[in-house]
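Read off the chains here:
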Amino acid sequence: MDTLVDTPPAIPALADATELSCDVLVIGGGTAGTMAALTAAGRGAQVLLLEKAHVRHSGALAMGMDGVNNAIIPGRAEPDDYVAEITRANDGVVDQSTVRQTATRGFAMVQRLESYGVKFEKDEHGEYAVRQVHRSGSYVLPMPEGKDVKKVLYRQLRRREMRERIRIENRVMPVRVLTHPGDGRAVGAAGFNTRTGEFVTVRAGAVILATGACGRLGLPASGYLYGTYENPTNAGDGYAMAYHAGAALTGIECFQINPLIKDYNGPACAYVANPFGGYQVNRHGERFVESDYWSGQMMAEFAGELASDRGPVYLKLSHLPDETIASVESILHTTERPTRGTFHEGRGHDYRTHDIEMHISEIGLCGGHSASGVRVDAHARTTVPRLYAAGDLACVPHNYMIGAFVYGDLAGEDAARHRVYEGELPRDQLAAAHDLVYRPLRNPDGPPQPQVEYKLRRFVNDYVAPPKTGAKLSLAVEAFTRMSEEIAGMGARTPHELMRCAEVTFIRDCAEMAARASLARTESRWGLYHERLDHPGRDDADWLHHLDLRKSPSGAMEFTARPVEPYVVPVPEFAPAPGPERRLGEVALVPVATAGPRDAAPAARPAAPSAAPSVAAPATVEALAVSAPSPALLRLLSLTEESPGLDVLRPYLDAADPAVRAAAVASLAETVPAGAGPALAERLRDTAPQVRTAAAAALRELVEVLPAETLLGAGLREALGVDDPAVRAAALDVLRALRLGDAGVYAAALADTDIDVRITAVRALVSVDAAAELAAAAADPAREVRVAVARGLAAVHAPAPAPLDPLLHDADPLVRAAALAALAATGCPPLYAEQAAGALEDPAWQVRAGAATALRAAPPARAVPALSGALADPHADVRKAAVLSLLPHAAEPGARAALTAAVSDPDADVRAYASRAAW
Ligand SMILES: Cc1cc2nc3c(=O)[nH]c(=O)nc-3n(C[C@H](O)[C@H](O)[C@H](O)COP(=O)(O)OP(=O)(O)OC[C@H]3O[C@@H](n4cnc5c(N)ncnc54)[C@H](O)[C@@H]3O)c2cc1C
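Residues numbered from 1 in each chain as written. Predicted model: local features only at pLDDT ≥ 70, side-chain atom pairs only at ≥ 80, totals over all residues. Heavy atoms only, no water.

- Under an unreviewed UniProt entry, the name given to the protein is Fumarate reductase/succinate dehydrogenase flavoprotein subunit, and the source organism is Streptomyces lateritius.

Shown next, in the form of structure tokens:
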């Protein structure tokens, strides 16, 4: 290895820069960036997309997308309710016009993504299966193949029409946006190639920053630099670039902090676990979260519980049946992160036997989760003309993935109006960017990046992470100012190390912004995100304001308190007052030394070494030696980039080597030529398991884009006879989704030997409303199938209670529980209401919870007294079901009295739902 790094490469001369030009420059090829590029190109612009990693895999989207966190699906949620929800979650400091864009355009974006091939969960009838995660609003739309989203987007970028308009340069990392010296508009960027070390300059008509969150700000509890909650390549590059280009940033003091699995940098996944019945508990097994929506308030409750003698906090799944846990695992250990299963296994933990210890993440900046971002308007425009920001970098609170797509789209649309900048690029700015990139090569033996970055981020943990105080934040500013010098002296020997060193400068900039902004807002707001011990309590009179930050012409960090724009959707709890902006100027530090107040002037920088940069060929990094893959595979890989037709791929699909056939299947899935569906169905009958598995996965993945051709239907039916249950389940599922099967085919599959196949058959029967065939499966030997049948009988159009009869008397409590819960959908006439009331005495809590759910649809005279009694049940989930079932009966005096009493229940969920009756 050391042969690669012995001699540092020479510094390329400014004049030898690779010069690129375009109408629209997109920086960052993640979620927002790819969408911005597609939209801008679709509107006729020549686009250059620069990504410091590789677009095919890069960014937050590459792993862990379990679903759309904020889908506003017509009929299931209202845009205005969502806007009000986010306004509350963000303690009133919201430009509602920006949130409203996501609320109103999100659904069209879901449909656009679907037309590209992204799969969203749908019920048996093809309706979006939106789930409720928070106590109000149903906004979560699961994505069963969420791991493939980036692949789907890359396929769009590689389409012929797009290839002509979008040039992608991977491994190129801009470090500064260039602005016009006269009018300050964005005219391009400067950066370098992280593999060859070349200096790269770009002339552009408009620049879109889509570089994601600043994930590498605080240091994770694990101590690993890159073990962050956020994608670790997102080091705050865009925050620093926007700041130095003169754009306003806003809400920087409203940090991102998330619940995490302890010692593992994966999210705690309330969004996944909650709809399945999982939840967070303290060590006494009590639910404690009072907040209705994911917010800083929720994090404050979480941190408070952790720090109390009721801590630690756990993700509880152990009370759920085996098959439910298996479903959760199939998401968390595949779509989410494959390492997650291995991590738990390594500890000897299993969701069935162990509740999983949770912790809180390091702090970060993120405009799309909390509110710390670049200020944008409702068209993704920043305060610098022709500079846009989209995705997690832009301050549009709780925007998440779908908001990143929406804002990428908005930015691409607006930016596409501009044509390439023809003037000279500003030489002084180019020289400064050049110096920023290459100075570590002048000092190769200087402190290495990991050491400096560790130290910097440890100060972030020590002084900036909440709870905050003026004294700690002032110490932070001092530390970050002092570290400018140390950072300027870092050493590097390879282009890759240059990238890491540049990132440290971005992290430092973000750390200083975070500390100063936190000092400037002299109140507490957003729960844990901005908890000031020396300014406790929210101060709406002075601070129901945005706090904007920008670089002054003299280079100082200056602040303005900006009134919140008049709401488009009124939210009674907040009344933003109109008025002028308050210019706060530079923030004053709190004196922290025993010798009294001090001068916080930055230390003088050491003079730059005088040696002129030498002109040399850029460094190249040789490929590492790997065992040679087969020539056919290599040919196939390069062919795939050209989007080949089926005839070109045919020889590979029929190759003797199964590895080549599996790769050809992957290529078909990536390029989807005409005839891909039947060709994939054919491979379901392949002799090699790896090819069959790949074909089954590809068919499921492409279900939204494959035409429902007869030939495909025939191939899938043939595959039902294959001696591989995974193939049979996939074939059934695709037949159902494409509406290529019928009740006869599905009912026949109920005799399959494999449980998963039979469950898939149940789903398929629901899709064609075959209630009689479903009812016949009520005697299935497997409990999981009978549970699926009970749920299925509730999901057919015009469901009726009678077919549930055998299941209501099933020997297995989980089946009885599911059948009782199904009565809430079928209707619960008096005879069934009696049964349900009796089942409230069942020894199994799941049955009692199912009975309480059933009574929601029962006549009030029977339901209300029974449900009121169930509020004394020892199990919190039974009481929760009882409260939820009492809500529709709230007009009855008995129900109101019971709900009023439940407001002081020991369980947080029961209390929260009971208090709804008062709304
Ligand atoms: C662990 C995790 C799980 C999540 N789960 C969900 C979920 O289930 N549902 C949901 O709705 N949302 C989820 N989100 C949020 C969602 O993923 C993000 O909001 C969204 O993907 C952000 O998109 P983005 O384009 O801003 O950033 P990214 O997609 O991260 O893209 C930023 C890109 O910029 C590149 N880049 C950075 N700096 C530079 C530079 N200087 N030059 C060139 N390139 C650069 C990066 O390499 C990266 O490719 C999750 C986020 C995380 C971190």
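From this point, the narrative continues.
## Regarding the confidence of the model for the protein
- With 95% of its residues at a pLDDT of 70 or more, the protein has an overall mean of 92.
- Within the model, the stretch residues 596-627 combines pLDDT values under 50 with 38 contacts to residues more than four positions away or in other chains. (pLDDT = per-residue confidence, 0-100. Contact = heavy atoms within 4.5 Å.)

## Here we look at the nonpolar core
- Ranked by size, the top nonpolar core spans 201 residues in total, and within it Leu25, Leu113, Ile166, Leu217, Phe405 and Val464 carry the most contacts.
- No other element matches helix 15 (residues 495-520), which puts 15 residues into this core.
- If we ignore the near neighbours within four places in the chain, the residues touching Leu25 are Leu48, Leu50, Gly188, Ala189, Val202, Ala204, Ala206, Val207 and Ile208.
- In this structure, Ala669, Leu702, Ala749 and Ala822 belong to the second largest nonpolar core, which totals 110 residues. (Core = buried A, V, L, I, M, F, W, Y, C linked by side-chain atoms within 4.5 Å. Buried < 20%, exposed > 50% of the residue type's maximum accessible area, 1.4 Å probe, protein only. Helix = DSSP H or I, 4+ residues; strand = E, 2+ residues; numbered from the N terminus.)

## Quick look at the packing of helix 17 (residues 631-641) against helix 18 (residues 646-653)
- The N-to-C vectors of helix 17 and helix 18 enclose an angle of 155°; their axes lie 11 Å apart at closest approach. Taken together, the axes of helix 17 and helix 18 lie roughly antiparallel to each other. The interaxial crossing formed by helix 17 with helix 18 has left-handed handedness. On helix 18, the residues that touch Ala632, Arg635, Leu636 and Leu639 of helix 17 are Val648, Leu649 and Tyr652.
- A class-by-class count of the residues in the contact of helix 17 with helix 18 yields six nonpolar, no polar and one charged. (Axes fitted to C-alpha atoms, helices over the stretch in contact; angles between N-to-C directions. Parallel < 35°, antiparallel > 145°, perpendicular 65-115°, else oblique. Left-handed = near helix turned anticlockwise from the far one by under 90°. Nonpolar A, V, L, I, M, F, W, Y, C, P; charged D, E, K, R; others polar.)

## Details of the site of the ligand
- Surrounding the ligand, one finds 38 residues, the nearest of these being Thr31, Glu51, Gly67, Asp237 and Asp392.
- In the model, an oxygen atom of the ligand is placed 2.8 Å from a nitrogen or oxygen of the Ala32 main chain.
- Within the side chain of Asp237, a nitrogen or oxygen atom sits 2.8 Å from a nitrogen atom of the ligand.
- Bound to the protein, the ligand loses 98% of the 1,000 Å² it would expose on its own.
- Counted by class, the shell around the ligand contains 16 nonpolar, 15 polar and seven charged residues. (Near = heavy atom within 4 Å. Polar contact = N/O pair within 3.5 Å; in protein donor to acceptor, adjacent residues only side chain to side chain. Areas by Shrake-Rupley, 256 points an atom, 1.4 Å probe, with all protein chains shown as cover.)

## Quick word on the state of the cysteines
- Evaluation of the coordinates by the stated rule reveals zero disulfides.
- No disulfide involves Cys214; its nearest neighbouring cysteine sulfur is the one of Cys510, lying 3.8 Å away. (Disulfide = S-S within 2.5 Å.)

## A short note on the pairing of strand 1 (residues 18-27)
- Counting buried positions along strand 1 yields seven of 10 residues, so the element is predominantly enclosed.
- For strand 1 and strand 8 (residues 199-209), the ladder comprises nine bridges, and the chain directions are parallel. For Cys22, the partnering residue across the bridge sits in strand 8 and is Ala204.
- Bridge count for strand 1 against strand 2 (residues 47-51) is four bridges, and the pairing is parallel. Note that in strand 2 the partner of Leu25 across the bridge is Leu48.
- Viewed along the sheet, the connection from strand 1 through helix 1 (residues 31-42) into strand 2 turns out right-handed. (Pairing = 2+ DSSP bridges. Right-handed = clockwise from strand over helix to strand, strands pointing away.)

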